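Summary of structural features
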Amino acid sequence: GNYIYNPDHPMKPHRVRMTHDLILAYDLFPKMRVMRPVRASPKDMTRYHSDEYIRFLQLATPENTSDMVAYCERFDIGDDSPIFDGLFEFCQISAGGSITGAELLNE
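The rules we used
Residues numbered from 1 in each chain as written. Predicted model: local features only at pLDDT ≥ 70, side-chain atom pairs only at ≥ 80, totals over all residues. Heavy atoms only, no water. Helix = DSSP H or I, 4+ residues; strand = E, 2+ residues; numbered from the N terminus. Buried < 20%, exposed > 50% of the residue type's maximum accessible area, 1.4 Å probe, protein only. Contact = heavy atoms within 4.5 Å. Phe/Tyr/Trp six-rings, centres within 6.5 Å; stacked < 30°, edge-to-face > 60°. Expected span 1.5 Å × (residues − 1). Patch = residues over 30% accessible without salt bridge, like charges linked within 9 Å, V, L, I, M, F, W, Y side chains within 5 Å. Areas by Shrake-Rupley, 256 points an atom, 1.4 Å probe, with all protein chains shown as cover. Salt bridge = Lys/Arg side-chain N within 4 Å of Asp/Glu carboxyl O. Axes fitted to C-alpha atoms, helices over the stretch in contact; angles between N-to-C directions. Parallel < 35°, antiparallel > 145°, perpendicular 65-115°, else oblique. Nonpolar A, V, L, I, M, F, W, Y, C, P; charged D, E, K, R; others polar.

**Examining the side chain of Gln-92**
Within the element layout of this structure, Gln-92 appears in helix H5 (residues 87-106). Overall, Gln-92 belongs to the buried group, its relative accessible area being 15%. In this structure, Gln-92 is in contact with Arg-39, Ala-40, Ser-41, Pro-42 and Met-45, ignoring residues within four places of it in sequence.

**Observations concerning the packing of aromatic side chains**
Tallied over the full model, the rule gives six aromatic pairs. Between the aromatic rings of Phe-84 and Phe-90, the centroid separation amounts to 5.7 Å while the plane-to-plane angle is 70°, which identifies the pairing as edge-to-face. Ring pairs connect the aromatic residues Tyr-53, Phe-56, Tyr-71 and Phe-75, which therefore count as one cluster.

**Observations regarding H5**
Between its terminal C-alpha atoms H5 stretches 29 Å, which fits the 28 Å expected from 20 residues at 1.5 Å a residue. Regarding H5, the residues found buried are Leu-87, Phe-88, Cys-91, Gln-92, Gly-96, Gly-97 and Thr-100. Buried residues along H5 sit against helix H2 (42-45) and helix H3 (51-59).

**A few points about a nonpolar patch on the surface**
There is a patch of nonpolar side chains on the surface, built from Leu-22, Leu-24, Tyr-26, Leu-28, Phe-29, Met-32 and Val-34 and spanning about 700 Å² of accessible area. The residue Leu-22 is located in helix H1 (residues 13-25) in this model. Classification of Leu-22 as partly exposed rests on a relative accessible area of 48%.

**Details of the packing of H3 against H5**
Two elements in contact, H3 and H5, have axes whose closest approach is 7 Å; the angle formed by their N-to-C orientations is 125°. When the axis of H3 is compared with that of H5, the two are oblique. Taken together, the residues of H5 that come into contact with H3 (itself represented by Ile-54, Leu-57 and Gln-58) are Leu-87, Phe-88 and Cys-91. Residues that form the contact of H3 with H5 fall into these classes: five nonpolar, one polar and no charged.

**Details of the pattern of salt bridges**
This model, assessed by the stated rule, comprises two salt bridges. For the salt bridge of Glu-89 with Arg-39, the shortest nitrogen-to-oxygen distance reads 2.7 Å. Placement of the pair is Glu-89 in helix H5 and Arg-39 in the loop between H1 and H2, with a sequence separation of 50 residues. Note on Glu-89: relative accessible area 32%, which makes it partly exposed. Residue classification places Arg-39 among the partly exposed positions, given a relative accessible area of 43%. In this structure, Glu-52 engages Arg-74 in a salt bridge whose closest nitrogen and oxygen atoms are separated by 2.4 Å. Taken together, the residues span a long stretch of sequence, with Glu-52 in helix H3 and Arg-74 in helix H4 (residues 69-74) at a distance of 22 residues.

This is how it looks when you write it as structure tokens:
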């Protein structure tokens, strides 16, 4: 809930917080299996994405976006997938959650 894409993007931190609050309000938390995924490494992420794209995610910041216009166009970075502070960390957490979820489903 700490990441904001842009004001028009459908993913809003308050939606994440509301979901969490509803889980607690309906006493669902004790009935859930909560996992704490490991962050995906750059190597994990290059199993699906190109090395170049992962390097871009590691280097991209709101401050250097204007220097990376060609990459932003190539990787379709914009309003729906903007560059924000903590982008690579967010990607590691998100990818790690997907990988961990897939591993748990396959057990």
